[in-house]
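Residue strings, one per chain:
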Amino acid sequence: MNILLVGSGGREHALAWKIAASPLVKRLVIAPGNPGMASLGELRALKATDVPALVALAQEIAADLVVIGPEVSVEAGLADALNAAAIPCFGPVAAAGKLESSKAFTKAFTDRHGLPTSAYKVCDTADEAKTALAAFQPPYVIKADGLAAGKGVVIAQDRAEAEAAIDDALGGRYGAAGARVVIEEFLEGEIGSLFALCDGKDSIVFGSAQDHKRAYDGEIGPNTGGMGTYSPAPVFTPELIEQTRLRLAERAFAGIASEGAPYKGVLFVELMATKDGPKLVEFNVRFGDPECQVLMLRLESDLVPYLVACANGTLAQLPAPVWRDEAAICVVLAADGYPESPVGGSIIRGAEQDFGEDVVVFHAGTSRDPDGVLRAAGGRVLNVCARGATLQEARDKAYGAIARIDWPGGFHRTDIGWRALTPR
Ligand code: GLY
């Protein structure tokens with residue numbers, strides 16, 4: 001098979017690593033990719049939102065499948081254009097992608113289709129939003145409506161902080177994505193990320209993980225796109241997985257199909273495990289980053305048949321995916337200043353050495369000089385991932401590898417996986 005993979009982050013590096021290992025794959029082309037992916041496929045320097053160029057590339061390489069990594073490609077209508085060109089595609093059409101690209105749409109969708117979530121109010125002006133705060137208790141959750149690369153969520157401890165977040169969002173901090181805000185009730189509980197594949201009609205659960213969203217140890221600091229993950233996470237009891245499947249994933253797939261946009265691809269259900277069961281925090285219409293990295297380390301089955309089946313409507317014909325019994329962890333190395341203003345350009349040494357077969361370093365925001373020197377070129381820069389018989393073993397391997405990477409321009413959390421390693 002010829003496969004075109006779209007995207008350039010740690011998520012796409014992990015997908016490329018797993019796709020390249022499939023005996024079904026003859027040719028893997030990645031657009032645009034990153035320096036870490038160069039050994040896995042052919043890189044083409046196209047933007048993930050350049051829909052006409054990506055469709056042309058898929059035609060040029062006679063792609064049997066296009067795998068859409070990031071949400072920006074979904075929002076740009078890449079799946080719609082590929083469908084029109086009769087090219088099989090893993091990833092939803094833009095109308096289904098509104099489950100991520102508009103938080104206001106998603107909240108109204110949960111009302112229409114009976115998905116449990118937090119109380120909320122959508123506001124178009126700062127006055128309206130500040131008045132609406134009176135109906136909520138601190139901490140206040142303020143979200144930009146649109147896509148903001150994981151940075152559009154503020155959890156404000158008091159009214160002044162909430163009002164500043166409202167002014168920031170509606171004042172243009174996130175561009176058009178912040179033209180309206182959603183104020184949400186803060187949910188008490190433990191956070192979790194569950195993944196489900198859908199082929200337009202049938203769906204299956206496809207792994208789970210726990211992310212650490214705050215920038216610094218101890219769950220403090222600004223919200224980020226994710227500073228580290230591990231899987232399996234104890235929060236995901238069989239009961240929670242089943243409740244999440246029935247109450248959130250399946251209702252979402254049925255609901256979006258009934259609205260004329262059958263879902264093909266992966267749905268990432270970010271949920272809060274509350275005392276009343278799982279409640280939706282948000283949907284994402286792609287794999288999580290850095291959740292995908294730990295899922296790919298744990299996935300024993302070949303990934304490619306599942307991606308193809310989502311595109312072709314044949315998911316029901318596949319056996320349940322097999323997951324390794326081992327634990328996996330991913331620790332994100334971010335550039336100093338992330339998430340507010342990451343400092344680019346610093347030199348990274350030692351990230352590409354052999355750390356042993358259970359350690360993989362996935363690149364996210366990196367660039368390579370002509371002489372081979374690796375540099376930081378983004379907020380989240382590297383993902384140091386490891387597998388082990390236990391989470392503690394995986395964690396020791398990951399932090400052992402990090403100690404051998406020489407990058408004074410970056411930082412990481414030292415407590416990834418703490419919830420699983422703290423007696424409950
Ligand atoms: N790790 C959270 C996300 O991918 O949005």
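The rules we used
Residues numbered from 1 in each chain as written. Predicted model: local features only at pLDDT ≥ 70, side-chain atom pairs only at ≥ 80, totals over all residues. Heavy atoms only, no water. Helix = DSSP H or I, 4+ residues; strand = E, 2+ residues; numbered from the N terminus. Core = buried A, V, L, I, M, F, W, Y, C linked by side-chain atoms within 4.5 Å. Buried < 20%, exposed > 50% of the residue type's maximum accessible area, 1.4 Å probe, protein only. Contact = heavy atoms within 4.5 Å. Axes fitted to C-alpha atoms, helices over the stretch in contact; angles between N-to-C directions. Parallel < 35°, antiparallel > 145°, perpendicular 65-115°, else oblique. Nonpolar A, V, L, I, M, F, W, Y, C, P; charged D, E, K, R; others polar. Pairing = 2+ DSSP bridges. Salt bridge = Lys/Arg side-chain N within 4 Å of Asp/Glu carboxyl O.

## Side note on the environment of Ala135
Step number 1: Within the secondary structure layout, Ala135 lies in the loop between α7 (126-132) and β7 (140-144).
Step number 2: Between the C-alpha atoms of Ala135 and Ile183, which are 48 residues apart in sequence, the distance is 9.9 Å.

## Remarks on the nonpolar core
Step number 1: Ranked by internal contacts, the top residues of the largest apolar core, which has 73 residues, are Leu4, Leu99, Tyr263, Ile348 and Val384.
Step number 2: Ignoring any residue separated from it by four or fewer positions in sequence, one finds Tyr263 in contact with Pro92, Ala96, Leu99, Cys198, Asp199, Gly200, Phe253, Ile256, Asn284, Val285 and Arg286.
Step number 3: Listed in part, the 39 residues of the second largest apolar core include Ile3, Ala14, Ala16 and Ile30.

## Structural notes on helix α6 (residues 103-113)
At 3.6 residues per turn, the α-helix brings residues three or four places apart onto the same side.
Step number 1: Looking at α6, one finds that the buried residues are Lys103, Ala104, Phe105, Thr106, Lys107, Phe109 and Thr110.
Step number 2: Where α6 is buried, its residues contact α5 (94-101), β6 (120-123), β7, β9 (181-184), α9 (238-258) and β16 (277-284).

## Side note on unusual backbone geometry
Step number 1: Residues Ser231 and Pro232 are joined by a peptide bond in cis, for which omega reads 0°.
Step number 2: Relative to the helices and strands, Pro232 is located in the loop between β14 (228-231) and α9.
Step number 3: Following Tyr338, the chain continues into Pro339 via a peptide bond in cis, with omega recorded as 5°.
Step number 4: Phi at Ala62 is positive, roughly 50°, even though this residue is not glycine.
Step number 5: The backbone of Ala86 shows a phi angle near 60°, a positive value even though the residue is not glycine.
Step number 6: One can find Ala86 in the loop between α4 (78-84) and β5 (89-90).

## Focus on the packing of α5 against α6
Step number 1: Remark: α5 packs on α6, axes separated minimally by 6 Å, with the N-to-C direction vectors making an angle of 95°. On the basis of their axis angle, the class for α5 and α6 is roughly perpendicular. Taking contact as the criterion, the partners of Lys98, Leu99, Glu100 and Ser101 in α5 are, on α6, Lys103, Phe105, Thr106 and Phe109.
Step number 2: Partitioned by chemical class, the residues of the contact of α5 with α6 number 3 nonpolar, 2 polar and 3 charged.

## What about the sheet that holds β9?
Step number 1: Spatial ordering of the open sheet is given by β6-β9-β7-β8, a layout of 4 strands whose pairing is antiparallel. Each end of this open sheet is capped by a strand with a single partner; those strands are β6 and β8 (153-156). Shown here is a sheet whose adjacent strand axes are inclined to one another by a mean of 20°, direction ignored.
Step number 2: Bridging between β7 and β9 involves 4 bridges; their strand directions are antiparallel. Within the sheet, the bridge partner assigned to Val141 lies in β9 and is Glu184.
Step number 3: Lying on the sheet, helix α8 (residues 159-170) is in contact with β7, β8 and β9; it crosses β7 at an angle near 5°.

## Focus: the pattern of salt bridges
Any two side chains of opposite charge can pair, given that their charged atoms come close.
Step number 1: According to the stated counting rule, one finds 30 salt bridges in the structure shown.
Step number 2: As a salt-bridge pair, Arg112 and Glu259 come within 2.7 Å of each other at their nearest N and O atoms. Taken together, the residues span a long stretch of sequence, with Arg112 in helix α6 and Glu259 in the loop between α9 and β15 (264-274) at a distance of 147 residues.
Step number 3: Classification of Arg112 by relative accessible area gives partly exposed; the value is 44%.
Step number 4: Note on Glu259: relative accessible area 34%, which makes it partly exposed.
Step number 5: Ionic pairing is found between Arg324 and Glu300, a salt bridge with its closest N-O pair at 4.0 Å. Taken together, the positions of Arg324 in the loop between α11 (304-312) and β17 (327-335) and Glu300 in the loop between α10 (291-298) and α11 put the pair 24 residues apart, joining distant regions of the chain.

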